[in-house]
Amino acid sequence: MSKLKNIPNNLTKWDLSEDSLAPLTDYQKECLLSLEEELFPDSKLKTDGTDDTHRNEETGGSVRVERCQDLLEHYAKLEKKCVDRKDVKYMLYLNELQARRRECHTLCLQIEEALEDFGMLYKQYSEVSDKTTSLYDASEQLDSDQRKLNSTIENITEYVKYFKDIDMMMEKLEAPTLSVNSEMFFNILDKIDTNIDFIQNNPSFKESNTYLIKYKHCQSKAISMIQNYIFNLFSKTTESILNLRDNDDSQDNADAALALFYGRFQTILSKARPVIEQIEAKSYKRQEYDSLLSECHQYYWSQRGLVLGSSVQKSLMSVKEKYNGDHCSLVRNSCALLLHASMDEYKLFYEFFSKPSSGLTAYLEMLCTSLYDTLRPFIIHINHLETLAEICCILRIEMLDEHVQNNFEPLEGFGNICLQLLHDVQERLVFRAHLYLQSDVLNYNPSPGDLAYPEKLKMMEDIAESLREENRQTKLKKISISSNEDNVLEPISRNHIEMDSIYQKTHMGNSPADLHGMWYPTVRRTLVCLSRLYRCVDRSVFQSLSQEAISLCVQSTENAKQEIEKRASILDAELFQIKHLLILREQIAPFQVDFTIKEYSLDFSKVKTAAFGLLEKSSRFFTLSNNALLEFLLEGAPQMKEQLIDSRKYVDHKLKHACQRLIHHATFSLIHPIMVLLDKEKLLAGNPQAPQQHALGSPQDVAAAISEVLRMIKFKCPEIQHLMQLYLSNKETEFILFRPVKNNVCAAFTQLYQILSKYYNSEELQLIACPLPEQVSVMLSSSTLVHGKTAQTTTKKT
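Throughout this description, residue numbers start from 1 for each chain and increase along the sequence as written. Only residues with pLDDT of at least 70 get local features here, since the model is predicted, and only at 80 or more are side-chain atom pairs given and counted; chain-wide, interface and lining totals rely on the full set of residues. In computing side-chain values, all of the structure's heavy atoms are included and hydrogens and water are not.

The protein chain is annotated in an unreviewed UniProt entry as Conserved oligomeric Golgi complex subunit 3 from Ceratina calcarata. Here is the UniProt Subcellular location (unreviewed entry) comment for the protein chain, exactly as written: "Golgi apparatus membrane". UniProt positions are given in the numbering used here, feature names are shortened, and annotations may be inferred rather than shown by experiment. Per its UniProt entry, the protein chain bears the Sequence similarities (unreviewed entry) comment "Belongs to the COG3 family."

The next subject is the overall build of the protein chain. Of regular secondary structure, the protein chain possesses 26 helices and two strands. Residue burial is assigned from relative accessible area. The probe radius is 1.4 Å, only protein chains are included, and a residue is buried under 20% of its type maximum, exposed over 50%, and partly exposed in between. A total of 798 residues make up the protein chain; the buried ones form 35% of that total. Residues are treated as being in contact if the distance between any of their heavy atoms lies within 4.5 Å. Long-range contacts, defined here as pairs at least 24 residues apart, represent 77% of the contacts in the protein chain between residues at least 6 apart. Counting every atom, the protein chain has about 49000 Å² of accessible surface; 55% of that belongs to carbon and sulfur. Helix and strand assignments follow DSSP, with helices taken as H or I runs no shorter than four residues and strands as E runs no shorter than two, numbered in order from the N terminus. For accessible areas, the Shrake-Rupley method is used with a probe of radius 1.4 Å. Any residue's cover is judged against the shown protein chains and nothing else.

What follows deals with a negative patch on the surface. In this scheme, patches are assembled from residues that exceed 30% relative accessible area and form no salt bridge. Like charges are connected within 9 Å, while nonpolar side chains (Val, Leu, Ile, Met, Phe, Trp, Tyr) are connected within 5 Å. What counts as a salt bridge is simple: a side-chain nitrogen of Lys or Arg found within 4 Å of a carboxyl oxygen of Asp or Glu. Neither His nor the chain ends contribute to the count of charged residues, in which Lys and Arg are positive and Asp and Glu negative. To locate a charge, the coordinates of NZ of Lys, CZ of Arg, CG of Asp or CD of Glu are taken. On the surface, Glu 112, Glu 113, Glu 116 and Asp 117 cluster together into a patch of negative charge. For Glu 113, the location among the structural elements is in helix H5 (residues 88–174).

A cluster of nonpolar residues, Leu 107, Ile 111, Leu 115, Phe 118 and Leu 121, forms a patch on the protein surface that exposes about 520 Å² of accessible area. Examined against the element boundaries, Phe 118 turns out to sit in helix H5.

Further remarks concern the side chain of Asp 165. Inspection of the secondary structure puts Asp 165 in helix H5. Salt bridges are absent for the buried Asp 165, whose nearest opposite-charge side chain, Lys 191, sits at 4.8 Å. Not counting residues within four places of it along the chain, the set of residues in contact with Asp 165 comprises Lys 191, Asn 195 and Tyr 215.

Most peptide bonds take the trans form, and the phi angle of most residues other than glycine is negative. Of the consecutive residues Tyr 453 and Pro 454, the connecting peptide bond is found in the cis state with omega at 5 degrees. With respect to the element layout, Pro 454 can be found in the loop between helix H14 (412–442) and helix H15 (455–485). One non-glycine residue, Glu 207, lies in positive phi territory at about 60 degrees. With respect to the element layout, Glu 207 can be found in the loop between helix H6 (183–201) and helix H7 (208–247). Located in the positive-phi region is Ser 729, a residue other than glycine, with phi close to 50 degrees. Within the secondary structure, Ser 729 sits in the loop between helix H23 (699–727) and helix H24 (731–759). According to the relative accessible area criterion, Ser 729 is buried, its value standing at 16%.

The next subject is the nonpolar core. Counting residues in hydrophobic clusters, the biggest one holds 170 residues, and the most contacted among them are Phe 185, Phe 352, Phe 414 and Phe 749. In this view, Phe 749 contacts Ile 671, Ile 674, Ile 706, Val 709, Leu 710, Ile 713, Cys 770, Pro 771 and Val 776; residues no more than four positions away in its chain are not counted. Residues belong to one nonpolar core when they are buried, are Ala, Val, Leu, Ile, Met, Phe, Trp, Tyr or Cys, and are joined through side-chain atoms within 4.5 Å.

What follows covers the packing of aromatic side chains. Any pair of Phe, Tyr and Trp rings, taking the six-membered ring for Trp, is counted once the centres come within 6.5 Å. Such a pair is stacked with planes under 30 degrees apart, edge-to-face with planes over 60 apart, and tilted for the rest. Evaluation of the coordinates by the stated rule reveals 20 aromatic pairs. Taking 6.2 Å as the distance between ring centres and 85 degrees as the angle between the ring planes, the aromatic pair formed by Phe 265 and Phe 352 counts as edge-to-face. Of this pair, Phe 265 sits in helix H8 (residues 254–266) while Phe 352 sits in helix H11 (residues 327–352), and the two are 87 residues apart along the sequence. A relative accessible area of 0% places Phe 265 in the buried class. When the centroid spacing of 5.9 Å and the interplanar angle of 55 degrees are considered together, the rings of Tyr 300 and Phe 349 count as tilted.

This next bit is on the environment of Glu 461. The residue Glu 461 is located in helix H15 in this model. Remark: the alpha-carbon pair of Glu 461 and Leu 726, spanning 265 residues in sequence, is separated by 8.0 Å.

Now for the environment of Gln 587. The topology assignment puts Gln 587 in helix H19 (residues 570–588). Since its relative accessible area comes to 32%, Gln 587 is described here as partly exposed. Considering only alpha carbons, one finds Gln 587 and Leu 527, 60 residues apart in sequence, at a separation of 7.2 Å. With residues near it in sequence (within four places) discarded, Gln 587 still touches Trp 519 and Leu 527.

Here we come to the confidence of the model for the protein chain. Low-pLDDT portions of the prediction should not be read for the details of their coordinates. Across the protein chain, the average pLDDT comes to 78, with 77% of residues at or above 70. Confidence over residues 44–61 falls short of pLDDT 50; this stretch has 13 contacts with residues more than four positions distant or in other chains. Low confidence marks residues 483–509, where pLDDT is under 50. Its contacts with residues over four positions away, or in another chain, come to 20 contacts. Scored between 0 and 100, pLDDT is the confidence that the predictor attaches to each residue.

What follows deals with H23. One less than the residue count of a helix, multiplied by 1.5 Å, gives the span that helix is expected to have. Compared with an ideal rise of 1.5 Å per residue, which puts 29 residues at 42 Å, H23 spans 40 Å between its outermost C-alpha atoms and is within 8% of the ideal. Of all the bends in H23, the greatest reaches close to 35 degrees and is centred on Lys 716; the proline Pro 718 follows between one and four positions later. Backbone geometry just after H23 places Ser 729 at a positive phi near 50 degrees. The angle separating two fitted axes, one through the seven residues that finish at a residue and one through the seven that start at it, defines the bend at that residue.

On to the pattern of salt bridges. Applying the stated criterion across every chain yields a total of 24 salt bridges. The salt bridge involving Asp 143 is made with Arg 147; its shortest N-O contact spans 2.0 Å. Taken together, the positions of Asp 143 and Arg 147, both in helix H5 and four residues apart, correspond to about one turn of that helix. On the basis of relative accessible area, Asp 143 is assigned to the partly exposed category, the value being 30%. Look at Arg 147 and you get partly exposed, because its relative accessible area is 48%. The partner of Arg 332 in a salt bridge is Glu 398, and the shortest N-O contact between them spans 3.1 Å. A residue pair is termed long-range when its members are at least 10 positions apart, and Arg 332 in helix H11 and Glu 398 in helix H13 (residues 385–404) qualify at 66 residues. Glu 398 gets classed as partly exposed once you look at its relative accessible area, which sits at 22%. Through salt bridges with shared partners, one network takes in Asp 190, Asp 193, Asp 197, Lys 282 and Arg 286.

The axes used here are C-alpha line fits, helices contributing only the stretch in contact, and every angle between their N-to-C directions lies in the interval 0 to 180 degrees. The interhelical angle for the contact between H13 and helix H17 (residues 521–536), taken along N-to-C directions, is 20 degrees, at an axis separation of 9 Å. Classed by the angle they form, the pair H13 and H17 counts as roughly parallel. When the axes of H13 and H17 are compared, the crossing they make is left-handed. Residue-level contacts link Leu 385, Glu 386, Ala 389, Cys 392, Cys 393 and Arg 396 of H13 to Val 528, Cys 529, Arg 532, Arg 535 and Cys 536 of H17. Under the convention adopted here, Pro, Cys and the residues Ala, Val, Leu, Ile, Met, Phe, Trp and Tyr are nonpolar, Asp, Glu, Lys and Arg are charged, and Gly plus all remaining residues are polar. In the contact of H13 with H17, the residues fall into seven nonpolar, no polar and four charged. Roughly parallel covers angles under 35 degrees, roughly antiparallel covers those over 145, roughly perpendicular covers 65 to 115, and oblique covers all other angles. In this scheme the handedness of a crossing depends on how the near helix is turned from the far one: anticlockwise by less than a right angle means left-handed, clockwise means right-handed.

This part takes up helix H10 (residues 287–322). Taking 1.5 Å per residue as the helical rise, H10 with its 36 residues ought to reach 52 Å, and the 50 Å between its terminal C-alpha atoms agrees with that figure. Along H10, the sharpest kink reaches roughly 35 degrees, centred on Leu 308.

As a further point, take the packing of helix H12 (residues 359–379) against H14. Between H12 and H14, the shortest axis-to-axis distance is 7 Å and the interhelical angle comes to 25 degrees. In terms of axis orientation, H12 runs roughly parallel to H14. The way H12 lies across H14 gives a crossing that is right-handed. Where H12 approaches H14, its residues Thr 361, Glu 365, Cys 368, Thr 369, Leu 371, Tyr 372, Leu 375, Arg 376 and Ile 379 are matched on the opposing element by Glu 412, Gly 413, Phe 414, Asn 416, Ile 417, Gln 420, Leu 421, Asp 424, Val 425 and Arg 428. Of the residues that constitute the contact of H12 with H14, the class distribution is nine nonpolar, five polar and five charged.

The next subject is the environment of Phe 353. Take Phe 353: it is sitting in the loop between H11 and H12. Separated by 80 residues in sequence, Phe 353 and Arg 273 place their C-alpha atoms 7.5 Å apart. Setting aside chain neighbours within four positions, we find Phe 353 in contact with Phe 234, Arg 273, Ile 276, Glu 280, Leu 293, Cys 296, His 297 and Tyr 300.

Next up, the structure:
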């Protein structure tokens, strides 16, 4: 208890300046002073002794703090006063805010009252605005209705015009003073077309069908007026031309006829052309005017046909009389007449009309039909191939290629007629060529002069040699005269003359057989015929005819070869055929065609086998299964076979066989005795039991056979080569033909030399004296040189 009573005393003594229970540092004291200043900013401490008194006064007198509770209460009061002093400004601000809040509340009340007033005004404004808008819309609707009504009135007025114009148009079309070739009439036509288009585009209008019929009637009437106008112009012009032509028979001058036939029609151009232009302009849109234009075309052509038909016939007859017998001139001048007429008619037509018409070609073709009717009777009776070929060239080259191709549109009809004539001429040419090949090639009967080989070749060679000798002598005389004038003596060696003659002989050109006139007539005719046909007929026709012509020509040369073989020699005959086959092969080479053709034939090889099978199966004639008749029909039917025939290969084949025969005959003629000995040896080789000693004969017989062969080589070999040169006159060809002969001779001697040692002893072989193959080859070459020297000597003597 005593301790509790000492607590207040201790509390009063805790901060005594002297002997304090809790002495404070200077820093702590400063903090307390700062705290006091903060708590009591208005109080000032005058002295340190008066602090407690002042404090007591401020606290309301002396406060006795005896308990902790008192201290806490006193502290709470002090704290509250301190807080109150700090919150004064906030309280003042709070009071200010509350005053403003009350003012805002009053203002909000006033705003609400104003909004209520504004709402009332907006409601009243909306009512007035709605009434104004409805009034405006009503006004706009009325204005729109007024414009629609005005537009309807205008449309009705515009539409009614199309219906009211019919009466005016009928009156104008009925007017007697209305001219078809006038601006008013053209305007009426345009208005009729416009009104018809309008009514056709508006079929829902009342009475549109009725008014459409009326306008169609007006259109028909206008078209009838145009048709009558154009037809009258053409018919009157035609009548005037025909009357003048009938009354004046002196219109034979070409210029006068041109002025009459074309000048009269050109005088009506100014009247007809404007109307025709209107028709053509409307024909692209309306069928009625297109039909009218077609009728005008037809009537124009009919009138021109009346004008030109008889005149063209008359002109063709005069040309026919003038060139009677000269078929080529007749064809050329007749075609020229119709060609110029077609050109003039084409130009005159397009002076009247500008729209193309397919009927113009038909009209011009009809006009040119008289040309076909005039020329065809002559063509089908022409037999001469040259004339037919010339007419083909005239029609194809001069007319079709040069004129028709360069002016196809004006001359299309003329070209069609020329093409028909060309086909007729080609048909006639092919027919006559076939007959010509049969009669003058295959069945040609040669005269003795045609088969005079080699006499005619030697004669031509002698003539050529004499001409060359004359030329040589003339040159020598000129050289001698020029030398005497210049006082210069230049000796001319005989060797130079001889070499010149040899050079001329070697390079004299082709053989006389190469001359066109020296060809065998059938070869010449065949080649001439083919050269004519090549330019005149189609390629396929030419290929077929060429195959026939070449085969017939080869057959004719074979026939001639047989006749020459009878009268001259086999060598001449073979060389004759070889030469002409070479000519034929060379001359057909330039033809740019394929000489290969297809031929079809029936193969009856199975028919015979099937017939024998049918006889063996006679028991099965009427059986239902394996019927023999049915098998015969199925297995024995002939088959179609296709075969390719090449004329060039055919000629080459014939030439090859002819060359082989020539080589065989030449070899046989040179070494026939040796070939007999070789054949004996083959027989002995097949019979081993035959005696071997002197099986080929005695040595004397064998030696005689060998000497005979050597003699024939010496004398016949130059003759063979001379004949080759006479017929062929081509070193390369001669070498190709003679080389196998030489090889055959050497091979025969080689074989004989090998055989003789088998049957004869050395002494007998020396007696036989068979030359070696090398010696035979040298002998053959030397015989060729001897032949050349002999020919030179003969030339010098001549």
